[in-house]
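Chain by chain, the residues:
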Amino acid sequence: MTSIALAANGIDYTYPGEVRALKQLDLTIEKGQRLAILGANGSGKTTLLLHLNGTLRPSAGRILIDGRPLSYDRRSLVALRSRVGLVLQEPDDQLFSANVYQDVSFGPLNLGLSEAATRSRIDAALEALRISHLRDRATHMLSFGQKKRVAIAGMLAMQPEILILDEPTAGLDPHGVNHLLSVLHRLHETGTTLVFSTHDVDLAYTWADQIAVFADGTVLKQGEAAAMLADRELLRTARLKMPLILEIAEALYCRRPAWAAIGPPRSKDALLHLLEQTIGGPQ
Amino acid sequence: MLTSDGFAWTNRWHRHHPAEKGLLAGGMLVLAVTLPAPTTAPIIIAVMFVTTVLGAGIPAVTWLRLMALPSGFLITSVPFLALSLNFSSGLQVVFSPQGLEVALSVLLRSLAAVSCLTFLTLTTPTIDLVPLLRRVGVPPAVVEIMLLTYRLVFVFLERAATGHQAQIARQGYVGLRNTLRSLGLLVTSLFQRSLERSRRMEIGLTARGFQGELRVLAPKRSISRARVASAAGLLLGVAAAGLVLDATVR
Ligand SMILES: Nc1ncnc2c1ncn2[C@@H]1O[C@H](COP(=O)(O)OP(=O)(O)O)[C@@H](O)[C@H]1O
Ligand SMILES: [Mg+2]
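Residues numbered from 1 in each chain as written. Chains lettered and ligands numbered in written order. Predicted model: local features only at pLDDT ≥ 70, side-chain atom pairs only at ≥ 80, totals over all residues. Heavy atoms only, no water.

Description of the overall build of chain B
Right, so step 1: Helix and strand counts for chain B stand at nine helices and two strands.
Right, so step 2: Secondary structure elements in chain B, listed N-terminal to C-terminal, are α-α-α-α-β-β-α-α-α-α-α.
Right, so step 3: At 24 Å, chain B has a C-alpha radius of gyration far larger than the 18 Å of a compact globule built from 250 residues.
Right, so step 4: On the principal axes, the C-alpha backbone points of chain B span a range of 70 × 55 × 35 Å.
Right, so step 5: A sequence separation of at least 24 residues applies to 71% of the contacts in chain B between residues at least 6 apart.
Right, so step 6: In the structure as shown, chain B presents an accessible area of about 14,400 Å², 71% of it carried by carbon and sulfur atoms.
Right, so step 7: Separation of charge centres in chain B, based on 23 positive and 10 negative side chains, amounts to 7 Å. (Helix = DSSP H or I, 4+ residues; strand = E, 2+ residues; numbered from the N terminus. Rg over C-alpha atoms; globule rule 2.2 N^0.38 Å. Contact = heavy atoms within 4.5 Å. Areas by Shrake-Rupley, 256 points an atom, 1.4 Å probe, with all protein chains shown as cover. Lys, Arg positive; Asp, Glu negative; His and termini not counted. Charge placed at Lys NZ, Arg CZ, Asp CG, Glu CD.)

In structure tokens, the structure reads:
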């Protein structure tokens, strides 16, 4: 039995100036899952994420937390944001303090934690992102990747149940991406629900349990990652391409239809294994 | 300002408690102002130079460069103190030996004071001194604005620099007309971006539980007794040396 932690039910949102950003959008986030929100640039991903932590309020439809509609009074919003942590795409939008340590201390203090508890949260968050050595560094002397880690650490220190990241890999080099994914992996193992938005199909395919395919302000379809990304029709409508691994696997299935039954390879290694069988195996 | 800020964050002593560095700089400043200048001031300047360069590991060139500007100003203006105007028989400019002595001691005192401040600027980020303001009763809101401004100044400078480079890349500063137009565009775009940034920062901070108060915890730094003792020792030593020298010279 899976339980739904957070959901959007038929939400609409129009920015001032008549930009209709979200239309009749449905989304469910189950506890403990890894969900990728996959869509082209400008499809409305950021706008959706801002609804999930109550920053924006839908003009129609509603956000459900634990099955109950979210209310927008101050107290409910503060409570929501202590459970749902949103990391923005641009770290400079979230870092305001002169040095790293002080910046990370901000969230826990807002939760009303004591000084001692805050200090241990800061140490743990910096350690989780492997940036303990940056603790005394000036924020403005960090590289983009380092700023991004600090912004994530600032959110982790609040220990949210659901961590939402807007395009977390944008602007990171391959090493930075791997590092981030391993951090997310450890978080997932300790039970945090993870949601991130991206336009990178390969990343979504290898990382996510579920994918919500997004286009023109609405979720076209949400479901198991491999099923979503094997659907050529769906991908075309969303102006996305098929992940490289799946593309190659499909080509192999044409030659060995029996293998399609094994299920699609989910990682580069699984694909290599399949390839070895094709090349080396008996006809 | 930016170079000194850079060193302030990275020098060998950047982790030391600001109060330790404040004690040394402040103490020397008091000595510079109170003790006989001709003997004490040169000692202070020498000691501060050695502490900054050998202690905190700041390049001597940087120290000299930071000292140069105020020193240049002092050296060119202070000699006028030696002159005085005499109105008894028309207007006369008079040069007096006592005047010269006064001017010299003012010059030395000021240079010594500047060397103390130079040490503090190069070893301690300005922002580390701000929490001390809260303790002396500056309202929290003012302190918060100072902290936020400090960070935003750098975000702003980065934007200005990239915008400027982008304009240069497109020949924006070739000729007077282009230059004026480019500058105007840069300023307007920076203004718009600042507004946009503050809007997004509010979203970012609200996501982190911001409810109107920017409370943060500074990294825990303990005051080292050994370092406080050495600072006190150094102050006493300089004071004694200055006074003894003064007594022997007279
Ligand atoms: N603050 C805003 N004001 C007006 N329109 C906006 C604003 N932010 C985004 N939009 C518009 O809403 C649409 C969705 O944007 P966004 O949610 O940022 O997409 P994504 O994150 O998928 O790239 C775009 O057409 C964009 O131009
Ligand atoms: Mg976006």
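After that view of the structure, there is still more to cover.
Thoughts on the domain arrangement of chain A
Residue and element names in this part refer to chain A.
Right, so step 1: If you check the domain split of chain A, you get domain 1 (4–241) and domain 2 (243–283).
Right, so step 2: Taken over C-alpha atoms, the centre of domain 1 sits 33 Å from the centre of domain 2.
Right, so step 3: Across the boundary between the two partners, domain 1 contributes 12 residues, which contact 10 residues of domain 2.
Right, so step 4: Overall, the association of domain 1 and domain 2 removes approximately 880 Å² of surface from exposure, summing both partners, and the carbon and sulfur fraction of that is 48%.
Right, so step 5: If you look at where domain 1 meets domain 2, you find three salt bridges.
Right, so step 6: We note a salt bridge from Arg232 to Glu247, for which the minimum N-O separation is 3.4 Å. (Domains from an automatic or database assignment. Buried area = accessible area lost by both parts, 1.4 Å probe. Salt bridge = Lys/Arg side-chain N within 4 Å of Asp/Glu carboxyl O.)

Things to note about the site of ligand 1
Right, so step 1: In the region of ligand 1, the neighbouring residues are Tyr15, Val19, Ala21, Ala40, Asn41, Gly42, Ser43, Gly44, Lys45, Thr46 and Thr47 of chain A together with Arg199 of chain B.
Right, so step 2: Each of chains A and B places residues near ligand 1.
Right, so step 3: In the environment of ligand 1, an oxygen atom lies 3.0 Å from a nitrogen or oxygen atom belonging to the backbone of Gly44 of chain A.
Right, so step 4: Between Lys45 of chain A and ligand 1, the recorded distance is 2.8 Å, taken from a backbone N or O atom to an oxygen atom.
Right, so step 5: Relative to its unbound accessible area of 560 Å², ligand 1 is 64% covered by the protein chains.
Right, so step 6: Counting residues per element, the shell around ligand 1 draws most heavily on helix H1 (residues 45–52) of chain A, at three residues.
Right, so step 7: Here the shell around ligand 1 is composed, by residue class, of four nonpolar, six polar and two charged. (Near = heavy atom within 4 Å. Polar contact = N/O pair within 3.5 Å; in protein donor to acceptor, adjacent residues only side chain to side chain. Nonpolar A, V, L, I, M, F, W, Y, C, P; charged D, E, K, R; others polar.)

A short note on the domain arrangement of chain B
Right, so step 1: Its domain assignment divides chain B into domain 1 (3–124 + 223–249) and domain 2 (138–207).
Right, so step 2: Distance from the C-alpha centre of domain 1 of chain B to the C-alpha centre of domain 2 of chain B: 36 Å.

Focus on the packing of helix H3 (residues 100–110) of chain A against helix H4 (residues 115–128) of chain A
Residue and element names in this part refer to chain A.
Right, so step 1: Interaxial distance between H3 and H4 falls to 9 Å at its minimum, and their mutual angle equals 120°. Accordingly, the angle class assigned to the pair H3 and H4 is oblique. Crossing geometry of H3 relative to H4 is assigned as right-handed. Between H3 and H4, the residues in contact are Val100, Tyr101, Val104, Ser105, Pro108 and Leu109 and Thr118, Arg119, Arg121, Ile122, Asp123, Ala125 and Leu126, respectively.
Right, so step 2: When grouped by side-chain class, the residues that make up the contact of H3 with H4 number eight nonpolar, two polar and three charged. (Axes fitted to C-alpha atoms, helices over the stretch in contact; angles between N-to-C directions. Parallel < 35°, antiparallel > 145°, perpendicular 65-115°, else oblique. Left-handed = near helix turned anticlockwise from the far one by under 90°.)

Thoughts on the packing of aromatic side chains
Right, so step 1: This structure, assessed with the given rule, holds seven aromatic pairs over all chains.
Right, so step 2: Between Tyr13 of chain A and Tyr15 of chain A, the aromatic rings sit 5.1 Å apart at their centres with planes inclined by 85°, giving edge-to-face as the arrangement.
Right, so step 3: According to the relative accessible area criterion, Tyr15 of chain A is partly exposed, its value standing at 29%.
Right, so step 4: Measuring from ring centre to ring centre gives 6.2 Å for Trp13 of chain B and Phe119 of chain B, while their planes differ by 80°; the resulting arrangement is edge-to-face. Pair noted here: Trp13 of chain B is in the loop between helix H1 (2–10) and helix H2 (18–34) and Phe119 of chain B is in helix H5 (residues 97–123), with a separation of 106 residues, a long-range link.
Right, so step 5: By relative accessible area, Trp13 of chain B is classed as partly exposed at 21%.
Right, so step 6: Judged by its relative accessible area of 0%, Phe119 of chain B falls in the buried class.
Right, so step 7: The structure contains a cluster of three or more aromatic residues connected by ring pairs, namely Phe96 and Phe106 of chain A together with Phe210 of chain B.
Right, so step 8: Cation over ring: Arg34 of chain A sits above Trp207 of chain A, and NZ or CZ is 6.0 Å from the ring centre. (Phe/Tyr/Trp six-rings, centres within 6.5 Å; stacked < 30°, edge-to-face > 60°. Buried < 20%, exposed > 50% of the residue type's maximum accessible area, 1.4 Å probe, protein only. Lys NZ or Arg CZ within 6 Å of the ring centre and 35° of its normal.)

A look at the nonpolar core
Right, so step 1: Counting 92 residues, the largest nonpolar core has Leu25, Leu27, Val104, Leu184 and Ile211 of chain A as its most contacted members.
Right, so step 2: Inspection of this core shows a minimum of three residues originating in each of domain 1 (4–241) and domain 2 (243–283) of chain A.
Right, so step 3: Apart from the residues within four sequence positions on either side, Leu25 of chain A is in contact with Ala8, Asn9, Gly10, Ile11, Leu48, Phe214, Gly217, Thr218 and Val219 of chain A.
Right, so step 4: With 35 residues, the next largest nonpolar core counts Ala41, Ala103, Val238 and Ala239 of chain B among its residues. (Core = buried A, V, L, I, M, F, W, Y, C linked by side-chain atoms within 4.5 Å.)

A word on the pattern of salt bridges
Right, so step 1: Summed over the entire model, instances satisfying the criterion amount to 26 salt bridges over all chains.
Right, so step 2: In this structure, Asp12 of chain A engages Arg20 of chain A in a salt bridge whose closest nitrogen and oxygen atoms are separated by 3.2 Å.
Right, so step 3: The exposure class assigned to Asp12 of chain A is buried, which follows from its relative accessible area of 12%.
Right, so step 4: Between Glu167 of chain A and Lys45 of chain A there is a salt bridge; the shortest N-O distance is 3.6 Å. Of this pair, Glu167 of chain A sits in the loop between strand S7 (162–166) and helix H6 (174–189) while Lys45 of chain A sits in helix H1, placing them 122 residues apart in sequence. A single burial state applies to Glu167 of chain A and to Lys45 of chain A, both of which are buried.
Right, so step 5: Each of Asp92 and Lys147 of chain A together with Arg151 and Glu158 of chain B takes part in a single network of salt bridges with overlapping partners.

Structural notes on the sheet that holds strand S1 (residues 4–15) of chain A
Residue and element names in this part refer to chain A.
Right, so step 1: The strand order across the open sheet built from four strands is S2-S1-S4-S5, with neighbouring strands paired in antiparallel fashion. Each of the sheet's edge strands pairs with one partner strand only, and the pair in question is strand S2 (19–30) and strand S5 (68–69).
Right, so step 2: Bridge analysis of S1 against strand S4 (residues 60–65) gives five bridges, and the strand direction is antiparallel. Across the sheet, Ala7 pairs through a bridge with Leu64, a residue of S4. (Pairing = 2+ DSSP bridges.)

A look at the pairing of strand S1 (residues 83–86) of chain B
All names here are of chain B.
Right, so step 1: In this structure, S1 lies alongside strand S2 (residues 92–95), joined through four bridges in antiparallel fashion. Looking across to S2, one finds that Leu83 is bridged to Phe95.
Right, so step 2: Joining the antiparallel neighbours S1 and S2 is a turn of five residues, in which Gly90 adopts a positive phi near 75°.

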